[in-house]
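Analysis of the macromolecular model
Each chain, written out:
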Amino acid sequence: MTQQTKPPKWILWLFAVSLILWPTLMYWLANGYSGWSDLKSYHDAGSRELRHSQGPTNVTLVQSSGRKYDFASNQSGRASYARTDVGFDDEGFWVRGRHGGWTGGPRGAVFIPWTAVERCDGLRIHLSDPQMALIIHDQSLLDTCTRQVSR
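What comes next concerns the included structure. Please read these numbers as outputs of a predicted model, since none were measured by experiment. (Residues numbered from 1 in each chain as written. Predicted model: local features only at pLDDT ≥ 70, side-chain atom pairs only at ≥ 80, totals over all residues. Heavy atoms only, no water.)

With respect to the nonpolar core
Among the nonpolar cores identified, the biggest contains 26 residues, and Leu-39, Phe-93, Ile-112, Val-117, Ile-125 and Ile-136 are the most heavily contacted of them. Ignoring anything within four residues of it in the chain, the contact list for Phe-93 reads Gly-87, Phe-88, Val-110, Phe-111, Ile-112, Trp-114, Val-117, Ile-125, Leu-134, Ile-136 and Leu-141. Listed in part, the five residues of the second largest apolar core include Ala-45, Leu-50, Ala-109 and Phe-111. (Core = buried A, V, L, I, M, F, W, Y, C linked by side-chain atoms within 4.5 Å. Buried < 20%, exposed > 50% of the residue type's maximum accessible area, 1.4 Å probe, protein only. Contact = heavy atoms within 4.5 Å.)

Observations regarding the sheet that holds strand β5 (residues 92-97)
Taken in spatial order, the four strands make up an open sheet running β1-β4-β5-β6, and their pairing is antiparallel. Pairing within the sheet leaves two strands with one partner each, and these edge strands are β1 (53-57) and β6 (110-113). Direction aside, the axes of adjacent strands within the sheet are offset by 20 degrees on average. Note: β5 against β6, four bridges, orientation antiparallel. The residue of β6 that forms the bridge with Trp-94 is Phe-111. Contacts between helix α2 (residues 36-43) and the sheet are confined to β5 and β6, with β6 contributing the most and set at about 60 degrees to the helix. Most of the contacts of helix α3 (residues 139-149) go to strand β4 (residues 84-88), to which it runs at about 40 degrees, and overall it touches β1, β4 and β5. (Pairing = 2+ DSSP bridges. Helix = DSSP H or I, 4+ residues; strand = E, 2+ residues; numbered from the N terminus. Axes fitted to C-alpha atoms, helices over the stretch in contact; angles between N-to-C directions.)

Points about the environment of Thr-57
Mapped onto the elements of the fold, Thr-57 is located in strand β1. You can call Thr-57 buried: its relative accessible area is 0%. Separated by 80 residues in sequence, Thr-57 and His-137 place their C-alpha atoms 6.0 Å apart. Within the local environment of Thr-57, its side chain forms a polar contact with the backbone oxygen of His-137, the two atoms lying 2.6 Å apart. (Polar contact = N/O pair within 3.5 Å; in protein donor to acceptor, adjacent residues only side chain to side chain.)

Comments concerning the pattern of salt bridges
Tallied over the entire structure, the rule returns seven salt bridges. Residue Glu-118 pairs with Arg-119 through a salt bridge whose shortest N-O separation is 3.6 Å. For Glu-118, a relative accessible area of 41% corresponds to the partly exposed category. We classify Arg-119 as partly exposed; its relative accessible area is 39%. Put simply, Arg-119 and Asp-121 hold a salt bridge, and the shortest N to O gap is 3.4 Å. What makes Asp-121 partly exposed here is its relative accessible area of 36%. Via salt bridges that share partners, Arg-48, Asp-89 and Glu-91 belong to a single interconnected network. (Salt bridge = Lys/Arg side-chain N within 4 Å of Asp/Glu carboxyl O.)

Right under this line is the structure:
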């Protein structure tokens, strides 16, 4: 007959604590560390209707310090697991997280008017307030950005 030993209590406590800390860490990374909460404090979409979706796409937020945070799990462009959705109209463009929950990407949508865009070059949309850039993998949005800013 084999004798089974119970795991030490500290392992069970570590497991329980990690179940609580993991979603909290993911939420902080996607909102605080990434700079999303700073962007949202300037350009919160509020109850604005977000129309003309371009669908899921990869978005990377680049802070003025140079720190980058990519909201997608890889670099493959449009993918079903991209964590952000973008769209635009004549007034500006919007970005929102695609999935709910604490680990599903950025919380809350932002709407950025074209007047807050400094310039568009390559895949980057540079903002005046706050000083940051968004790298967005959506050519129609980038083409519209270039037209709107050159007016």
